[in-house]
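As a plain string of letters, each chain reads:
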Amino acid sequence: MTNSEKSSSSAAANDYRYSPELAAQLEGKWQQFWNDNGTFHAPNPVGDLAAADGAEIPGEKLFVQDMFPYPSGVGLHVGHPLGYIATDVFARFHRMQGANVLHTLGYDAFGLPAEQYAIQTGTHPRVTTEANIANMERQLGRLGLGHDRRRVVATTDTDYYKWTQWIFLQIYNAWFDESQKKARRIEELLPLLESGEMATKDGRVYSELSEAEKREAIDEFRLVYRSKSMVNWCPGLGTVLANEEVTADGRSERGNFPVFRKQLSQWMMRITAYADRLIDDLELLDWSDKVKAMQRNWIGRSRGAEVDFTAEIGPKVSTKIRVFTTRPDTLFGASYMVLAPEHELVDALVDAGSGSYEGVDERWTYGKSTPAEAVAAYRAAIASKSDLERQENKEKTGIFLGAYATNPVSGEQVPVFISDYVLIGYGTGAIMAVPAHDERDYEFANVFGLPIREVVSGGNIAEAAYVGDGPRVNSANDSGLDINGMEKAEAIATVIEWLQGQGAGEEKIQYKLRDWLFARQRYWGEPFPIVYDADGHAHALPESMLPVELPEVEDYKPVTADPDDADSEPAPPLAKARDWVEVELDLGDGKQTYYRDTNVMPQWAGSSWYQLRYIDPNNSEKFVDLENERYWTGPRPETHGAKDPGGVDLYVGGVEHAVLHLLYSRFWHKVLFDLGYVTSVEPYRRLFNQGYIQAYAYTDARGVYQPAEQVVERDGKFFIPGAGEDGSDLEVFQEYGKMGKSLKNAVSPDDICDNYGADTLRVYEMAMGPLDTSRPWATKDLVGSQRFLQRAWRLVVDETTGELCVTDAALSDDDLKALNRTVDGVTGDYAELRDNTAVAKLIEYVNYLTKTYGSTGAPRAAVEPLALMLGPVAPHIAEELWSRLGHAESLAHGPWPAVDEKWLVDDTIEIPVQINGKVRARIDVATDASREDVEAIARADEKVQAAVENAGGSIFKVIVVPGKMVNLVVKK
Ligand code: ANZ
């Protein structure tokens, strides 16, 4: 019999004991009460959620948010709500202190699983999604989370994604003004182009362009644009994949199909325009250094130079091959060049060479007889490799193009190669190789037998590349450049200046961040508010034509191709909705036929702005009213310092979203800020990454997962009784890590609520350890939390009669000390998200009262504050105790118990008494006792008297160090 069964069976005999049945009853009752009374409704300043009487909102505002979940079909396990409970405790605590708290939870409901299910079964993804949401609502509802349910949104709601499309249009209709470093409306660009104040991107005079050319010129400025870019095309899935969706061996994470790198025209968002602001504004945020560093690395800003090498590509025709380098100070050591295999000059360089590998070093030829053959073979070999794989540390490969280029500082002719370690998407897609001082170049030079020339002294380049610092050497030419002896920074500046003078290069800041590939060839996503005219020109729809609703389709499959056909083209499922694709619209030039864009937005879109919709979920005029936004997320320089960026006050979620989600939402938010739609500069002022609930999983000898709940431990080994082939015990092997259905170790919160109650689950999860660390789940440990609540219950309710059993006794000094210390400690802990230590202090307090007053009944003045302090973490039992103590009002809005500081200071201290230098006794004295009093207490102490006697003399001298010690000098 498990502990929970024991407690529930004995409870059956007694209706007044805090049993799982009683807990369930109370929880249902209070959830209903909160629901009926709108207890967690937070008023807005204006609009439909404003306070009914239009009165001013009392108290400080606090916006607490969780990273919202994808409504998965398998439902929740106990790991999921860890963060939700923690934010609920925080929100409830502040609400009890009088704050106006916005806390709710919506659903990030577009995405692949529902679509995959639709493909397999024909069930509309909306049906699946709605059913999953209903199930999660039920599961979350049982946990007693104090959400403002009027603010729940799902990204799949039409009146939500209408605004996602609207934001897309704002971004589409904006450009980034480099001089002001901010987004501005396209309308403001037109006069600048027309007057010639600004040139088109390719330098042509705007006013001389045809209408069509003008439109294209403007399109090139937009923050949303179409670009031919290298994508991960997966014919087997019929869609393009994000890098994260491609495995290290170049296959789709889902379905394991081959993925090919392919140039495709795609919708992109110009997040790179914001790279500097995304880095610089990290400083304003109360986020962990770790997450800030992850964002910085992802954006990857590096300062360097672009340098031109020249190559002959025909008789008297030369071309510049531009490289990006962070180390222009090593230019004299550049002994060869490497281009990405996809680089646009590769073919021209091959054609310019002799066309043959005759006389060329075998290592350079890839086993072919001409550069053209070698290029084709090499490209084919790497076509399916991801960027990550290409940069892996492995034997360097590559081929010689048969062409040479001129090093601009030394005039040396250096051979030009292609290799997969140079990426097309970074820098210029070409490098100057400095094998003496770059590890990758060093390896390559060794494989290919290329010269390695030292230009920075201090290392031993016969053994390894020297990447450390030291004076430059071998670095001077006849044209006035001499950096010998210089340190790095000076050398870099000198080389850049020289190159600029020669027109052979310039300073360049480079980012790893790429523009955001914004289209997916799927069904279950937001359609684009874009149509094309008969000439293929894109037109943004006006706001009045939103939302563009998802059409019904015959089936949800993308038009897949032969999984191995790298040359196939994507055709999204929306293309199957012919009646939807072709529309008659009047976009200002009279009714015409247009064709809708058949892509959908990536799943990141809906989650890039949901915090703003929580603020004003029903607003049909605007995505959020500015006044409401200012109230909930506007900067608060008075309380948060002059540089406060505003934003959600606390955002809690997993660290796996440290990069993409948080960068995308910061980017959108900044565009909205630039365009004047929000007052906050950042979406999330404070971010906290919670740890994970982990669990043991068990595999049998074949490596198959076995149900963790059936495992028993014997002598350090693990067995499932009777599960062996012949009915013997099956030995299983323990591993530790994630909790999940496939690992057969998932524990459902429903079961825990049934067997223990939601309050016990909440207390247990919060007590397990500091919120930012991962912790192992152990169902058997729940009983500790359950007993704690049972003891608290018994201090107020007589278990045999159900009557209130508190007394009106006055509190003793010890009681007051225990109470005030607990209130003081718990208040600080809740405020700092230290719920584990808050629970520990509450347990200590309950144990103290139980010890002092017996297991039934305690003074009212001691338990009323206890009920209040339980409010955030165990809200149902707390409300019940509070109401049984005679309070008609819910405790959700306070009061919060006050601390009497007087009881926090120790009024007596213990000090040692020395006799002739040796500690012989300890005495308790008042902290403010006089020297005389301390001496008197010391003299009166029995142990002291005995010790003086033992020393065989009398007290000759007394030295009192107040608050520290007493020293008695005893002489015969
Ligand atoms: C010469 C050199 C000498 C370099 C040296 C480094 C050390 P980060 O700091 O990450 O920006 N690089 C440039 N473009 C590349 C590409 N498309 N694919 C692969 N590598 C590329 O790295 C910049 C450095 O990475 C550049 O500086 C270049 O190598 C290489 F002692 O140029 B360096």
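These figures come from a predicted structure and were not determined experimentally.

Basis of the calculations
- Residue numbers here run from 1 along each chain, matching the order of that chain's written sequence.
- Per-residue local features are limited, in this predicted model, to residues with pLDDT of at least 70; the limit for side-chain atom pairs, both in listing and counting, is 80 or more; totals at the level of whole chains, interfaces and linings are taken over all residues.
- With hydrogens and water set aside, each side-chain value is computed from the structure's full complement of heavy atoms.
- Note on definitions: angles span 0 to 180 degrees between N-to-C directions of axes, and those axes are lines fitted to C-alpha atoms, for helices only across the stretch in contact.
- Starting at the N terminus, helices and strands are each numbered in turn, a helix being any DSSP run of H or I of at least four residues and a strand any DSSP run of E of at least two.
- Here the word oblique covers every angle except those under 35 degrees (roughly parallel), over 145 (roughly antiparallel) and from 65 to 115 (roughly perpendicular).
- By convention the crossing between two helices is left-handed if the near helix lies anticlockwise of the far one by an angle smaller than a right angle, and right-handed if it lies clockwise.
- A contact between two residues is defined here by any heavy atoms of the two lying within 4.5 Å.
- The residue classification treats Ala, Val, Leu, Ile, Met, Phe, Trp, Tyr, Cys and Pro as nonpolar and Asp, Glu, Lys and Arg as charged. All others, Gly included, are polar.
- Two rings from Phe, Tyr or Trp (for Trp, the six-membered ring) form a pair when their centres are within 6.5 Å of each other. A pair whose planes differ by under 30 degrees is stacked, one over 60 is edge-to-face, and the rest are tilted.
- To sit over a ring, a charge needs its Lys NZ or Arg CZ within 6 Å of the ring centre and within 35 degrees of the ring normal.
- In these notes, residues near a molecule or strand are those with any non-hydrogen atom within 4 Å of it.
- Any pair of nitrogen or oxygen atoms within 3.5 Å is treated as a polar contact; in protein, a donor-acceptor pairing is required on top of that, and neighbouring residues in sequence qualify only through side-chain atoms on both sides.
- For the area figures, the Shrake-Rupley method with a 1.4 Å probe applies, and any residue is considered shielded solely by the protein chains shown.
- What makes a salt bridge here is a side-chain nitrogen of Lys or Arg within 4 Å of a carboxyl oxygen of Asp or Glu, nothing more.
- A simple rule labels every residue: compare its accessible area, found with a 1.4 Å probe on the protein chains alone, to the largest value its type can have, and call it buried under 20%, exposed over 50%, or partly exposed in between.

Undergrad: Describe the packing of helix H6 (residues 158-172) against helix H20 (residues 660-674), with residues and values.
TA: In the contact formed by H6 and H20, the axes pass within 10 Å of each other and the chain directions differ by 65°. By the angle class used here, H6 and H20 are roughly perpendicular. In this structure, H6 crosses over H20, and the sense of that crossing is left-handed. Of the residues in H20, those touching H6 at Thr164, Ile167 and Ile171 are Trp668, Val671 and Leu672. Of the residues that constitute the contact of H6 with H20, the class distribution is five nonpolar, one polar and no charged.

Undergrad: Would you mind going over the packing of aromatic side chains in detail, with residue names and values included?
TA: One pass over the full model with this rule turns up 52 aromatic pairs. Where Phe417 meets Phe444, the ring centres are 5.4 Å apart and the plane angle is 85°; that geometry is what we call edge-to-face. With Phe417 in strand E12 (residues 413-418) and Phe444 in helix H14 (residues 439-448), this pair connects stretches of sequence that are 27 residues apart. Centre to centre, the rings of Phe623 and Tyr677 are 6.1 Å apart; their planes meet at 85°, and the pair counts as edge-to-face. Pair noted here: Phe623 is in the loop between helix H17 (610-615) and helix H18 (626-633) and Tyr677 is in the loop between H20 and strand E21 (687-689), with a separation of 54 residues, a long-range link. Ring pairs connect the aromatic residues Phe168, Tyr172, Phe176, Trp267, Tyr274, Trp516, Phe518, Phe528, Trp604, Tyr664, Phe667 and Trp668, which therefore count as one cluster. Above the face of the Phe221 ring, Lys201 is positioned so that its terminal group lies 5.0 Å from the ring centre. Between the NZ or CZ atom of Lys396 and the centre of the ring of Tyr421, over which it lies, the distance is 5.4 Å.

Undergrad: Lay out the site of the ligand in plain terms, naming residues and giving numbers.
TA: Neighbouring the ligand are 18 residues; Ser302, Thr325, Leu423, Tyr426 and His437 lie closest to it. In this structure, Thr325 approaches the ligand through a side-chain N or O atom, which is 2.7 Å from an oxygen atom. At 3.1 Å from an oxygen atom of the ligand is found a side-chain nitrogen or oxygen belonging to Lys512. For the ligand, whose unbound accessible area comes to 650 Å², protein coverage reaches 87%. Looking at the shell around the ligand, the elements with two or more residues in it are strand E9 (317-325) and strand E13 (430-433). For the shell around the ligand, the residue count by class is eight nonpolar, six polar and four charged.

Undergrad: So, the pattern of salt bridges: which residues are in play, and what are the values?
TA: Counting across every chain of the model gives 54 salt bridges. Between Arg714 and Asp729 there is a salt bridge whose closest N-O contact spans 3.0 Å. Of this pair, Arg714 sits in strand E24 (residues 712-714) while Asp729 sits in the loop between strand E25 (717-720) and strand E26 (730-737), and the two are 15 residues apart along the sequence. Owing to a relative accessible area of 38%, Arg714 belongs among the partly exposed residues under this scheme. For Asp729, a relative accessible area of 33% gives the class partly exposed. Each of Lys61, Asp644, Asp649 and Arg685 takes part in one network of salt bridges that share partners.

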